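One letter stands for each residue in the lines below.
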Amino acid sequence: MTATLPPALSELLRGGPYQSYTYGYPHKTAYRPLTEAVPLRDAWTAENRDSLFLYLHIPFCEMRCGFCNLFTVANAPVSLERAYLDALERQMEVVRDALDGTTFSRLAIGGGTPTYLEASELERVFDLLDTHFGVAGLPASVETSPATTTPERLRVLAERGVSRVSIGIQSFLESEVRGVGRAQSNAEVFAALDSIRAAGLPGLNIDLIYGLAHQTPQTWLDSLETALTWTPEELFLYPLYVRPLTGIGRLGRTWDDERLELYRLGRDFLLSRGYVQTSMRRFQKASLPLESEPEYTCQLDGMVGLGCGARSYTRHLHYSSEYAVGRVGVREIIQDFVEQPAERFGQITHGIHLSADERRRRYALQSLLHISGLNLSAYRQEFGSDSLTDFPQLATLPDTDLARLQTGILTLTPAGLEQSDALGPWLYSPAVRKLSEEYEWS
């Protein structure tokens, strides 16, 4: 890197490339109870609702992995699952009425593990979505796990036109996944992947993690090689992070920058095998059009979240239920959700109002961390100002080896892309940074 690296960024980079995940801004740790509740209809009145993203959250899993910081509980009783689906139905009715006339362009069902639900319960979920939001025929993505990827559940997904299934494998070495409290066998993993391909679902994504305890460059490459046996349309490569109240977080372990070596090995391996990199984490088969299944990048907001733990984005307000990671905190929030009467779903009580500055930061951050880069003209059209004036630090990036400015688009170089989780916080506002730092984990 050159001597022109801005001091603030130089300080951040000295902390290493792996500081915290940067994929959503502001993070939910910056959300707080709102001073005044906002009626749901009012929050969306001035929004462009011609092509929104619909997300549904299922907060159940068959186990809680040691690295997991998702909003989910393990082995929930059947009674809680049914009560949750009943609450979802009440919420959907309220949201449909408040957003009357909305058109959705994409659907994702995440968690947790949506396929923790039985096939009949998945049928009910899709019936509710079709009835209230007309999602039939939309590009749809569903997350699954090896233990819950059964032919019966996959048949439901295929019949409902799901276009993408994402499965968290993390590693094909059983000893590595056991080290993070994940009980899975390769026999189960292979059967799940075979079943996905046999079901004829058009898109397969495999999640893998680097930086696991006892993982070596060779075992990492072995996992990548094994993953390609099923020729996935996508792979996401995640660095291991340790968050408060996760299983590993309680152990007090740390992982050094061997992760950077593993990241580079994985990146180069996939690039050599016919994949293109679209962000620090995402790799897509080069034979597929980059826009065949547009990646939701959040710059322009427009997401409606359903279910406990789901986030919703308008231009001026981001909101969700309360956030927690610990088992007790998550269960309490889910219990409150299932007990809510319909009228409470019409009021937004928890989230963050975005100022004009925060909206600009969000747009710049989300654009820069994607391979498409920050289009200076598109930014000006959206905000009526110059991005390099609004954020002078960005103007210094082309003087380093982290980014280049060509034809009015600021894009990260490979050296910059691997620093995404340090570059992101560089653009956080002091107010959002303070809120996240003051968040009390529960």
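What the rule picks out here adds up to 17 aromatic pairs. Pairing tyrosine 84 with phenylalanine 337 gives two aromatic rings, centres 5.2 Å apart and planes at 35 degrees, and the pair type is tilted. Pair noted here: tyrosine 84 is in helix H3 (residues 78-98) and phenylalanine 337 is in helix H10 (residues 327-338), with a separation of 253 residues, a long-range link. Residue phenylalanine 337 is classed as buried on the basis of its relative accessible area, which comes to 3%. Aromatic ring contacts, followed pair by pair, group Tyr18, Tyr210, Trp220, Tyr241 and Tyr263 into a single cluster. Taking NZ or CZ as reference, arginine 259 lies 5.9 Å from the ring centre of tyrosine 241, over its face.

The residue arginine 259 is located in helix H9 (residues 258-272) in this model. Relative accessible area serves as the criterion here: at 8%, arginine 259 is assigned to the buried category. For arginine 259, the side chain forms a polar contact with the main-chain oxygen of leucine 240, separated by 2.6 Å. Look past the residues within four positions of arginine 259 in its chain and what remains in contact with it is Tyr18, Tyr210, Gly211 and Leu240.

A separate point is the nonpolar core. Core analysis: the biggest nonpolar cluster contains 124 residues, and Tyr84, Leu129, Leu208, Leu394 and Leu397 have the highest contact counts within it. When residues of this core are assigned to their parent elements, the largest contribution, 9 residues, is made by H3. Discounting residues that sit within four places of it in the chain, leucine 129 has contacts with Leu54, Leu56, Met92, Leu107, Ile109, Gly134, Val135 and Leu306.

This model, assessed by the stated rule, comprises 22 salt bridges. One salt bridge in this structure joins arginine 282 and glutamate 234, with 2.6 Å as the shortest N-O distance. On the criterion of sequence distance, the pair formed by arginine 282 in strand S11 (residues 282-285) and glutamate 234 in strand S9 (residues 234-239) is long-range, its members being 48 residues apart. A salt bridge links aspartate 268 to arginine 267; the shortest N-O distance between them is 3.0 Å. Since its relative accessible area comes to 41%, aspartate 268 is described here as partly exposed. Look at arginine 267 and you get buried, because its relative accessible area is 11%. Taken together, the shared-partner salt bridges connect Glu123, Asp127, Asp130 and Arg160 into one network.

For helix H1 (residues 7-14), every residue scored as buried is listed here: Leu9, Ser10, Leu12 and Leu13. Along the long axis of H1, the arc covered by the buried residues comes to 160 degrees, so they all point the same way. Away from the buried face of H1 by more than 90 degrees, exposed residues Pro7 and Arg14 are located. Contact partners of the buried residues in H1: helix H16 (420-426). Positioned one or two residues after H1, glycine 16 has a phi angle of 95 degrees, which is positive.

Before going further, it helps to examine the pairing of S11. Where S9 lies against S11, 3 bridges are found, and the strand directions are antiparallel. The residue of S11 that forms the bridge with phenylalanine 236 is arginine 282. Where strand S10 (residues 275-277) and S11 come together, 3 bridges link them in antiparallel fashion. Looking at S11, one finds that valine 276 is bridged to glutamine 284. The loop that links S10 with its antiparallel partner S11 comprises 4 residues.

Averaged over every residue, the pLDDT of the chain is 88; residues scoring 70 or more account for 89%. Overall, residues 292-297 carries pLDDT values under 50, and its contacts beyond four positions in sequence, including any with other chains, amount to 15 contacts.

Procedures and definitions
- Residues numbered from 1 in each chain as written.
- Predicted model: local features only at pLDDT ≥ 70, side-chain atom pairs only at ≥ 80, totals over all residues.
- Heavy atoms only, no water.
- Phe/Tyr/Trp six-rings, centres within 6.5 Å; stacked < 30°, edge-to-face > 60°.
- Helix = DSSP H or I, 4+ residues; strand = E, 2+ residues; numbered from the N terminus.
- Buried < 20%, exposed > 50% of the residue type's maximum accessible area, 1.4 Å probe, protein only.
- Lys NZ or Arg CZ within 6 Å of the ring centre and 35° of its normal.
- Polar contact = N/O pair within 3.5 Å; in protein donor to acceptor, adjacent residues only side chain to side chain.
- Contact = heavy atoms within 4.5 Å.
- Core = buried A, V, L, I, M, F, W, Y, C linked by side-chain atoms within 4.5 Å.
- Salt bridge = Lys/Arg side-chain N within 4 Å of Asp/Glu carboxyl O.
- Arc of directions from axis to C-beta.
- Pairing = 2+ DSSP bridges.
- pLDDT = per-residue confidence, 0-100.

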